[in-house]
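# Structural features, examined
Below, each chain spelled out in residue letters.
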Amino acid sequence: MQKVIEAIKKGKRFLITAHVNLEGDALGSQLAMKELLTGMGKEAFILDSDPVPEHYRFLPKAAEVSDRFDKAGVFDAAIVLDCPTLNRTGKVKDVIKARAVPIINIDHHVSNEQFGDVNWVEPNASSAGEMVFRLFKEAHVLMTKEVALSLYIAILTDTGSFNYDNTSSVTHEIAGELLGYGLDPALVSESVYERRSVEDINLLGLVLATIRVNKKGTVAHLEVTKDMLDKTGADLAKSEGLINFARSIDGVKVAALFKEDQKDKNKINVSFRSKGNGDVIDVNKIASLFGGGGHTKASGCIITGGLKEAKRIVLAKVEEALECKAQSEKRL
């Protein structure tokens, strides 16, 4: 953390970015980071591969997030948030590489590749937002209500509303302090989770109809296709919680969601979730087989190829991981 602050002090203008397919933590931590830099007397701009999802546009200054690469200009360093690899920034990585500037890598994924010139990686942190909160404290920069809202949403969404086991006592303490800025937790939750259109609900029905469970009842998967999105007119960004329907099935140890890319049907985004305690399957290891990564119980990757083939090869690896786990437990 100290090295991050020292690196910030050396520069004047910074590019801030996060991973493709923006969600609450990526967006909230970026917005807060920009305000931190401003508070330290620096210039900063946010550049992402994808636009802000509609249901997060209520966030203060969300309009300042740009996907216009021709507007990047000159910058002294790049701050990459919530990304285990530089490739997860999508096309922004090309802008960063073209400028050949130092990279400040701030992340909480166990699979982080330490790709920065400065790397602050804390797998035990609940979110990138939690880490940015700590930076405010360490740099002695005052937070505003707007910053508190961005950080609260970052933490809220990445902990599954404080339900995931990445939620610690420290996480609750930070959330409590953020609420002290006058946030309304019920209103925040409604804004993030309960503003769905009829189109989004129609998509939910189609997706739930695709749920399949293996013979042992330990693996469940579901899918979102481009045809579904075209048929319903739904917002793909609101599909981030759909995997939890498969994960919640009694007896399921691993859930997978397969999403066709809206622009390229031969690019499949795969999300993994696992549950359990001592017998949990490390889905980060599975995702890493396909160039992805994340956390032990929540990870993702991108498969090049059709949906049918992606399901075949990914589910085979999931079954293999379950079998290895079972054999290991027998030996014990």
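Above: the structure in question.
What this report covers is the structure whose coordinates are included nearby. (Residues numbered from 1 in each chain as written. Predicted model: local features only at pLDDT ≥ 70, side-chain atom pairs only at ≥ 80, totals over all residues. Heavy atoms only, no water.)

### A short note on the overall build of the protein chain
- Check the secondary structure of the protein chain and you find 12 helices and 12 strands.
- Here the C-alpha radius of gyration of the protein chain, 20 Å, is about what a compact globule of 332 residues would show, namely 20 Å.
- Considered along the principal axes of its C-alpha atoms, the protein chain spans approximately 60 × 50 × 40 Å.
- Per-residue burial for the protein chain yields a buried fraction of 51% across its 332 residues.
- Restricting to contacts in the protein chain with at least 6 residues of sequence separation, those with at least 24 account for 65%.
- Here the protein chain has roughly 15,500 Å² of accessible surface; of this, 50% comes from carbon and sulfur atoms.
- Computing the positive centroid from 44 side-chain charges and the negative centroid from 46, the protein chain places the two 4 Å apart. (Helix = DSSP H or I, 4+ residues; strand = E, 2+ residues; numbered from the N terminus. Rg over C-alpha atoms; globule rule 2.2 N^0.38 Å. Buried < 20%, exposed > 50% of the residue type's maximum accessible area, 1.4 Å probe, protein only. Contact = heavy atoms within 4.5 Å. Areas by Shrake-Rupley, 256 points an atom, 1.4 Å probe, with all protein chains shown as cover. Lys, Arg positive; Asp, Glu negative; His and termini not counted. Charge placed at Lys NZ, Arg CZ, Asp CG, Glu CD.)

### Details of helix H1 (residues 2-10)
- Taken together, the buried positions of H1 are occupied by Val4, Ile5, Ala7 and Ile8. Angular distribution of buried residues about the axis of H1 spans 160°; they occupy a single face of the element. Turned more than 90 degrees away from the buried face of H1, the exposed residues are Lys3, Lys9 and Lys10.
- The inward-facing, buried residues of H1 contact strand S1 (13-17), helix H2 (24-39), strand S4 (77-81), strand S5 (103-107), strand S6 (118-121) and helix H4 (128-139). (Arc of directions from axis to C-beta.)

### Remarks on the packing of H4 against helix H6 (residues 169-179)
- Between H4 and H6, the least distance of the axes is 11 Å, while the angle of their chain directions is 65°. For the pair H4 and H6, the crossing hand works out as left-handed. Packed against H4, whose contacting residues are Glu130, Phe133 and Lys137, the element H6 presents Val170, Thr171, Ile174, Glu177 and Leu178 at the interface.
- Across the contact of H4 with H6, the residue classes tally to four nonpolar, one polar and three charged. (Axes fitted to C-alpha atoms, helices over the stretch in contact; angles between N-to-C directions. Left-handed = near helix turned anticlockwise from the far one by under 90°. Nonpolar A, V, L, I, M, F, W, Y, C, P; charged D, E, K, R; others polar.)

### Side note on the nonpolar core
- Counting residues in hydrophobic clusters, the biggest one holds 50 residues, and the most contacted among them are Met33, Ile79, Ile106 and Leu178.
- The dominant element in this core, judged by the number of residues it contributes, is helix H5 (residues 145-158), at eight residues.
- Residue contacts for leucine 178: discarding those within four places in its chain leaves Phe133, Met143, Ala148, Leu151, Tyr152, Ile155 and Leu183.
- Within the second largest apolar cluster, 20 residues are counted, among which are Val270, Ala287, Leu307 and Ala310. (Core = buried A, V, L, I, M, F, W, Y, C linked by side-chain atoms within 4.5 Å.)

### Quick word on H2
- The end-to-end C-alpha separation of H2 is 22 Å, in line with the 22 Å expected for 16 residues at 1.5 Å each.
- The backbone nitrogen of aspartate 25 lies 3.2 Å from a side-chain oxygen of the residue at the head of H2, namely glutamate 23.
- At the exit of H2 stands glycine 41, carrying a positive phi of roughly 80°. (Expected span 1.5 Å × (residues − 1). Polar contact = N/O pair within 3.5 Å; in protein donor to acceptor, adjacent residues only side chain to side chain.)

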